[in-house]
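Survey of secondary and tertiary structure
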Amino acid sequence: MSLDKDMVARIARLARLKVPEEELGTLAGELSGIFAWIEQLNEVDTNNVEPLSSVSDVTLPMRGDKVTDGGVAAKVLFNAPGGAVYIDPTDKNAGGFFTVPKVVE
Amino acid sequence: MAALSDLTIAQLSAAMSKKEASALDVADAHIKKLDEHRALNAFITETPDKAREMAKASDARRAKGEVGLLEGVPLAIKDLFCTEGVQTTAASHILEGFVPQYESTVTANLWKSGAVMVGKTNLDEFAMGSSNMTSHFGGVENPWKRKGDNRKLVPGGSSGGSAAAVAAYMVPGSTGTDTGGSIRQPASFCGIVGMKPTYGRCSRWGVVAFASSLDQPGPFARTVEDTALLLQAMSGHDPKDSTSAPLAVPDFAAAARNPDIKGLRVGIPKEYRVEGTSPEITALWDKGMEMLKAAGAIAVEVSLPHTKYALPAYYIVAPAECSSNLARYDGVRYGLRVPGKDLTEMYEGTRGAGFGKEVRRRIMIGTYVLSAGYYDAYYKKAQQIRALIARDFKQAFEKCDVLLTPTAPTAAFAAGDKMDDPVTMYLNDMFTIPASMAGLPGISVPAGTDKDGLPLGLQILGRAFDEETVLKAGAALEKAAGFQGRAAGF
């Protein structure tokens, strides 16, 4: 499998990664190399093999569908990169908002 | 008495219980070592004030007769574990300055056992790497050097800082995480013990996620007994991690203290004899088996036919999960934000600037293999191979109780080597990844040195949730190998 620059640009867009134009060629080469190496998996006959998504043989427990915590808005918003806006600045746990660039014109 | 920083965890506990030293003395002795060896770049954040405060609290508990399993023991924590009020970066620019408002379950368990944190260790960015060279905060230097050669060597990765800190006697123990070998390979490179427990043994809650079906926290120490003590404190069911196993924690330390392996069947997987492995490592592997036989074990040749496919299958599964997990870093709720004229530009700018080269590469591999039209050819195929790998191990463990293999195909390499071609770097994990794919426990024990005087580890793998047998065999190997090496100047 060989990937060209257009394909790499498409993947970068899907992954929401800004990749400078001049790096697309190098990345295409590296990714093509990795996928060429991965191709060897086609040697293995996997017909009728059930895919393994969890290695755990243990039956994992269920819990009740109940709220188990909350009331910690100040902690949730503590690391907000754009700065948080609180409903009530005197009680940060009352709730608040993350800020982002304008989404709706 | 020997310097406090020379003691093992078990010896420190004994010294503190005999009142030969306080937890504060022990913390101070290790903080001094952090100062001395700062040039290794093993730590991203040092927390000496917090360490002294925790040590004083430990001394107060001891005075009241409350003595936890790790009471007063100073530890270093891989900077992938969220620590309340202490910056947690995952060695990424995108999380620089992030201060968690909660504590990971594993570190909370350690503090409950009385342990003291001295700092957060360096790692490959988001634990993606085998050399610690992908850290945004710079590479870590291995305390070991080749005889007569002053070049800096890598400590391995991704938990390179945690391994180097233990090998440099800055701490007696540390935590790591292992997704494809990130504990075992650096342990081998640094001449110490490192263990990846069974998937589900230690909670992943509060650990920055890389590949959720593979990630597993585990300990580093200088002896198998200390490793067992740490694992015992770290383990246990956690309702906050849905994949955490609801099983009681066995007495791991007792298993490590009783290295009686008479009659233990040790499997030697023939597919692990591969080209590219250093002949010295193959010789050490044979010698390791002889040592275990001399201790009463029985050698059994076994076959794991899908071994060579584990690595390429891993490089589908792990990047796929990484691309999903790392979607959360969007500049909205925490971490770096690069402003943009609209949301998409903010996302792309933030992620483009915040993630390093290797992380971007893996996100792109993952995005591609999960994208429409390719899912069956890659992700589903890899999961089918994963099923075959797990079946191989199951069948092998019908004939043996543990497996003995090399940990890594080479000793520590020089900083900057193997950086040109990603696949060359990935091959470093060829012996550790198969067990990761099957979720099995494994330990790396230092068993000898190569002609340059660098440490080499051997790996023991066991059945799921049978860490006790792995520790027992590890302790027997440790005893027989008698590795006493210490990096010059440390």
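Structural notes, computed from the coordinates. Please read all numbers here as calculations on a predicted model, not as lab measurements. (Residues numbered from 1 in each chain as written. Chains lettered and ligands numbered in written order. Predicted model: local features only at pLDDT ≥ 70, side-chain atom pairs only at ≥ 80, totals over all residues.)

**Structural notes on the overall build of chain A**
How we decide: Runs of E in the DSSP output that reach at least two residues are strands. Runs of H or I that reach at least four are helices, and both are numbered from the N terminus. Both definitions apply: the radius of gyration is a C-alpha atom measure, and the globule rule equals 2.2 Å times residues to the power 0.38.
For chain A, the count of helices and strands is three helices and two strands. Order of helices (α) and strands (β) in chain A, N terminus to C terminus: α-α-α-β-β. Computed over C-alpha atoms, the radius of gyration of chain A comes to 24 Å, more than 25% over the 13 Å expected from 2.2 N^0.38 for 105 residues, which places it beyond the range of a compact globule. Taken along the three principal axes of its C-alpha coordinates, chain A extends 65 × 50 × 25 Å.

**Thoughts on helix α3 (residues 48–63) of chain B**
Residue and element names in this part refer to chain B. What counts is decided by this rule: What a helix should span is 1.5 Å times the count of its residues minus one. Using C-beta atoms placed from the backbone, we call a residue buried if 20 or more other C-beta atoms fall within 10 Å of its own, exposed if 12 or fewer do, and partly exposed for counts in between. In this description, one arc is meant: the one made by directions from the helix axis to the C-beta atoms. We call two residues in contact when their backbone-placed C-beta atoms lie within 7 Å.
With 16 residues, α3 extends 22 Å between its outermost C-alpha atoms, agreeing within 8% with the 22 Å of an ideal straight helix rising 1.5 Å per residue. Inspection of α3 places Ala51, Met54, Ala55 and Ser58 among the buried residues, and these make up the whole buried set. Down the axis of α3, the buried set is contained in an arc of 105°. They therefore lie on one face. The exposed set on the far side of α3, more than 90 degrees from its buried face, consists of Asp49, Ala60 and Ala63. Elements in contact with the buried residues of α3: α2 (23–36), β2 (74–78) and β3 (116–121).

**Considering unusual backbone geometry**
Residues and elements named next belong to chain B. In the segment running from Gly157 into Ser158, the intervening peptide bond is cis, with an omega of 10°. Mapped onto the elements, Ser158 comes out in the loop between β3 and α5 (160–167). Located in the positive-phi region is Phe465, a residue other than glycine, with phi close to 60°. As for its placement among the helices and strands, Phe465 is situated in the loop between β11 (455–462) and α16 (467–481). Among the residues examined, Phe465 registers 20 C-beta atoms within 10 Å and is labelled buried.

**Brief notes about the environment of B:Leu461**
Residue and element names in this part refer to chain B. Relative to the helices and strands, Leu461 resides in strand β11. Counting along the chain gives 375 residues from Leu461 to Val86, while the straight-line C-alpha distance between them is 35 Å. In this view, Leu461 contacts Val402, Leu403, Thr405, Ala435, Leu440 and Gly442; residues no more than four positions away in its chain are not counted.

**Here's the deal with the pairing of β11(B)**
Residue and element names in this part refer to chain B. Note the following rule: Whether two strands pair comes down to DSSP finding at least two bridges between them.
Within β11, eight of the eight residues are buried, which leaves the element mostly enclosed by the surrounding structure. Of the two faces of β11, the one lined by Pro455, Gly457, Gln459 and Leu461 and the one lined by Leu456, Leu458, Ile460 and Gly462 are each fully buried. Bridge count for strand β9 (residues 402–406) against β11 is five bridges, and the pairing is antiparallel. Paired with Thr405 across the bridge in β11 is Gln459. As paired elements, strand β10 (residues 442–449) and β11 share seven bridges and run antiparallel to each other.

**So, the nonpolar core**
Stated precisely, the cut-off is as follows: Each nonpolar core comprises buried Ala, Val, Leu, Ile, Met, Phe, Trp, Tyr and Cys residues, the members being joined through C-beta atoms within 7 Å.
Grouped together as the largest cluster of nonpolar side chains are 171 residues, with contacts concentrated most on B:Leu75, B:Val116 and B:Ile316. Here the element with the most residues in this core is helix α10 (residues 307–325) of chain B; it accounts for 11 residues. If we skip the residues at most four places from it in the chain, B:Ile316 touches A:Ile38, B:Val369, B:Tyr378, B:Tyr379 and B:Ala382.

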